[in-house]
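Each chain, written out:
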Amino acid sequence: TKPIDILELEEAINDAEKTLLGYSSITLKFDNVPCKISQYKIDYLEACGDYVKIIIGENIYESNNSLKSWKAILDERLFIDCHKSYIVNMKSIVTIDKDILLKNGTRIPISRRKKNDVLQAYIKFDTHYNQCHLDKVFYDENSISYAVMH
């Protein structure tokens, strides 16, 4: 057997991760020029009538694809459909309460009928894929909320 080269092992693990959670690329147009973007960089998507806004940091891209089409394309382990007009990258979430607070300060609504699904999906994401943990969990008869520490 060969001795294990730690750097080669780390590189192999990094390569394997890239094929997994949100590392597959999508093509978007910015100023009519096609750009390849890794899914994990997307903060959220918002349906705006006959087009969808894709928010990546401070950049806003537009797509003629429907939100439903995007949901089929995006990695379901990383993205959650929280409202009829929004899909959110769970890595961008800071807190979930009556709405979702993202790292960039944006608040995203959660539809009442999807609230439990959103919470369950985020807990699963946090347990299996995220590098953070739940700081506090708050329960009352009307809501479940928690703060996330990164």
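Keep in mind the model is a prediction, meaning the values are calculated, not measured.

### A look at the overall build of the protein
Then comes step 1: Scanning the protein for helices and strands turns up three helices and 12 strands.
Then comes step 2: For the protein, with 150 residues in total, the buried portion stands at 38%.
Then comes step 3: The contacts in the protein between residues at least 6 apart in sequence include a share of 39% that link residues at least 24 apart.
Then comes step 4: When the accessible surface of the protein is summed, it comes to about 9,900 Å², and 49% of that surface belongs to carbon and sulfur atoms.

### Comments concerning the sheet that holds strand 3 (residues 44-48)
Then comes step 1: Ordered by their spatial adjacency, five strands build an open sheet running 5-4-3-7-6, and the pairing between neighbours is antiparallel. Two strands close off the open sheet at either side, each with one partner strand: strand 5 (59-63) and strand 6 (79-83). Looking at each pair of strands side by side, their axes are set apart by 25° on average, direction ignored.
Then comes step 2: Strand direction decides the pairing type here: strand 3 and strand 7 (residues 86-89), joined by three bridges, are antiparallel. Across the sheet, the residue bridging to Leu-45 is Ile-87, located in strand 7.

### Section: the pattern of salt bridges
Then comes step 1: Scanning the entire structure with this criterion turns up five salt bridges.
Then comes step 2: A salt bridge links Asp-81 to Lys-114; the shortest N-O distance between them is 3.0 Å. Here Asp-81 is found in strand 6, whereas its partner Lys-114 is found in the loop between strand 10 (107-109) and helix 3 (115-128), with 33 residues between them in sequence.
Then comes step 3: With its nearest N and O atoms 3.0 Å apart, the salt bridge here joins Arg-107 to Asp-99.
Then comes step 4: It is possible to trace a salt-bridge network through shared partners that takes in Lys-71, Asp-81 and Lys-114.

### Remarks on the pairing of strand 5
Remember that side chains alternate between the two faces of the sheet whenever the strand is regular.
Then comes step 1: Where strand 4 (residues 51-56) lies against strand 5, five bridges are found, and the strand directions are antiparallel. Residue pairing in the sheet places Lys-53 in a bridge with Glu-62 of strand 5.

### Details of the environment of Asn-64
Then comes step 1: Looking at where Asn-64 falls in the secondary structure, it is placed in the loop between strand 5 and helix 2 (67-73).
Then comes step 2: Put simply, Asn-64 and Asp-50 are 14 residues apart on the chain and 6.9 Å apart in space, counted from C-alpha to C-alpha.
Then comes step 3: Sequence-distant contacts of Asn-64, defined by excluding residues within four places in its chain, comprise Asp-50 and Tyr-51.

Each value, and the rule that gives it
Residues numbered from 1 in each chain as written. Predicted model: local features only at pLDDT ≥ 70, side-chain atom pairs only at ≥ 80, totals over all residues. Heavy atoms only, no water. Helix = DSSP H or I, 4+ residues; strand = E, 2+ residues; numbered from the N terminus. Buried < 20%, exposed > 50% of the residue type's maximum accessible area, 1.4 Å probe, protein only. Contact = heavy atoms within 4.5 Å. Areas by Shrake-Rupley, 256 points an atom, 1.4 Å probe, with all protein chains shown as cover. Pairing = 2+ DSSP bridges. Axes fitted to C-alpha atoms, helices over the stretch in contact; angles between N-to-C directions. Salt bridge = Lys/Arg side-chain N within 4 Å of Asp/Glu carboxyl O.

Such coordinate-based values are descriptive only and should not be taken to indicate function.
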